[in-house]
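Single-letter residue listing:
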Amino acid sequence: MKKFSVGIIGATGMVGQRFASILENHPWFDVKVLAASSRSAGKTYKEAIGTKWTITKPMPKSMKDIVILDAETDIEKIGKLVDFVFCAVSLSKEETKALEDKYAKAEIPVVSNNSAHRHTPDVPMVIPEINADHIKIIEAQRKRLGTKRGFIAVKSNCSLQSYVPALYPLDEKYGVEDVLVCTYQAISGAGKTFDTWPEMVDNVIPFIGGEEEKSEIEPLKIWGKIEGDKIVPNIKPNFTAQCIRVSVTDGHMAAVFVRFKDKPSKEEILDIWKNYKGRAQELKLPSAPKQFLHYFVEDNLPQTKLQRDLEGGMAISCGRLREDTQYDYKFICLSHNTIRGAAGGAVELAELLCAEGYMD
Ligand code: NAP
């Protein structure tokens, strides 16, 4: 496979830094452009970041001296340097949509971390292990935009990437009807560290703005079907969610209660999790975990600190599956919110789009 030249829009942010770190030495992608706001444009990456580098691994040497471009005014220049861009910017929904549309219309495909386009009916919202077939809607989107190459594809919210992967494979055979989920979410999900959010040390905050709605509604688009020129969300499963911010740097955990149409045995659930493979595994995408769903038999696992980095932070950890007195079963899930739930998930989506010919 030829190497693709890529850009990171929002490269100085928390997710942007994670993109930079994941893309260092990527077998298919070469980072050629780093872009951010006009505040950072013109500075080298090293200067623009200053002391704001939040990843444990040091800043990639190959990117330190790249001069940051202006994400809003340098689009034409960026288009000449890259095959596609990753986007993670902190702008309003309308501003983000307008910026991503500008890139797509300039024939620069956008793989986005932002939520702005998640409910645009012809924008695929993809977890490559689950609904890889949704990328076929890109043809309809290109028609609407009047583009040959340009399009927008997004990844879903980070919280649902812990529990949807465990539930989706069970649906075909047993019918997932009702799901109650409580998430315990890391502070990096808010773009923060303990230095920038000291109130979170030794604390729990029972509110994350907009998160419960996203956790209940976004799975229905992932469960949806392409009908004509749009993805029509499914009406099932019924989700109800409470999302809680906890005193953890990285890693979102979820406590899940589920009711099925036809209740499987515990062994049947474990068997499906063990053997589940998605398109990402079939295509052997570089970022795809070998085993998507890992089940831990120990009562005190998975733990955020111990399992979040499993398979490079791209695998989902499950545990404590047992029958419930009100629902059929309850269990625990965990995923890395800034890797699987953000930059890593977007890189895997870009790999899928390349492998399926959408970046040619
Ligand atoms: P962040 O740390 O605040 O970084 C924001 C980035 O946007 C910076 O690079 C910033 O550049 C850039 N930016 C701001 N205004 C801009 C403008 N007018 N034009 C171009 N670029 C501009 O935010 P983040 O936590 O990385 O989040 C970025 C996006 O990813 C958000 O939409 C967020 O909801 C989403 N997301 C975050 C997570 C997570 O775990 N943190 C997970 C999933 C999705 P300057 O440095 O020059 O200001």
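If you're wondering where the values come from, they're calculated on a predicted model, not measured in any experiment.

1. Details of the site of the ligand
Part 1: Near the ligand there are 28 residues, and of these G13, A36, S37, S40 and G191 occur at the shortest range.
Part 2: Those elements giving two or more residues to the shell around the ligand turn out to be helix 1 (14-23) and helix 13 (339-355).
Part 3: In terms of residue count, the dominant contributor to the shell around the ligand is helix 1 (3 residues).
Part 4: Tallied by class, the residues present in the shell around the ligand amount to 10 nonpolar, 16 polar and 2 charged.
Part 5: Structurally, the shell around the ligand is a two-domain feature, drawing no fewer than three residues from each of domain 1 (4-157 + 342-355) and domain 2 (160-336).

2. Some remarks on the packing of helix 1 against helix 13
Part 1: As a packed pair, helix 1 and helix 13 sit with axes 9 Å apart at the nearest point and diverge in direction by 50°. One finds that helix 1 runs oblique with respect to helix 13. Crossing angle aside, the handedness with which helix 1 passes helix 13 is right-handed. Counting all contacts with helix 1, which are made through V15, R18, F19, I22 and L23, the residues of helix 13 involved are I339, A342, A343, G344 and V347.
Part 2: Within the contact of helix 1 with helix 13, the residues separate by chemical class into 8 nonpolar, 1 polar and 1 charged.

3. Notes on the pairing of strand 11 (residues 252-260)
Part 1: Sheet topology places strand 7 (residues 176-185) next to strand 11; 8 bridges connect them, and they run antiparallel. Bridge assignment links T183 to a residue of strand 11, and that residue is A254.

4. Overview of the sheet that holds strand 12 (residues 293-296)
Part 1: As summarised here, the arrangement of the 6 strands in space is 10-7-11-14-13-12, forming an open sheet in which the pairing is mixed. Pairing within the sheet leaves two strands with one partner each, and these edge strands are strand 10 (238-245) and strand 12. Between one strand axis and the next, the sheet turns through 25° on average, direction left out of account.
Part 2: For strand 13 (residues 316-323) and strand 14 (residues 329-335), the ladder comprises 5 bridges, and the chain directions are antiparallel. Following the sheet pairing, S317 is matched in strand 14 by L334.

5. Re the nonpolar core
Part 1: By size, the foremost hydrophobic cluster in this structure holds 100 residues, and its most contacted members are A35, V85, F86, A153 and C333.
Part 2: Tallying contributions element by element places helix 13 first for this core, with 11 residues.
Part 3: Of the domains in this structure, domain 1 (4-157 + 342-355) and domain 2 (160-336) are the two that each give at least three residues to this core.

Criteria and cut-off values
Residues numbered from 1 in each chain as written. Predicted model: local features only at pLDDT ≥ 70, side-chain atom pairs only at ≥ 80, totals over all residues. Near = placed C-beta within 6 Å. Helix = DSSP H or I, 4+ residues; strand = E, 2+ residues; numbered from the N terminus. Nonpolar A, V, L, I, M, F, W, Y, C, P; charged D, E, K, R; others polar. Domains from an automatic or database assignment. Axes fitted to C-alpha atoms, helices over the stretch in contact; angles between N-to-C directions. Parallel < 35°, antiparallel > 145°, perpendicular 65-115°, else oblique. Left-handed = near helix turned anticlockwise from the far one by under 90°. Contact = placed C-beta atoms within 7 Å. Pairing = 2+ DSSP bridges. Core = buried A, V, L, I, M, F, W, Y, C linked by C-beta atoms within 7 Å. Buried ≥ 20, exposed ≤ 12 C-beta atoms within 10 Å, placed from the backbone.

Shape descriptors only; they carry no functional weight alone.
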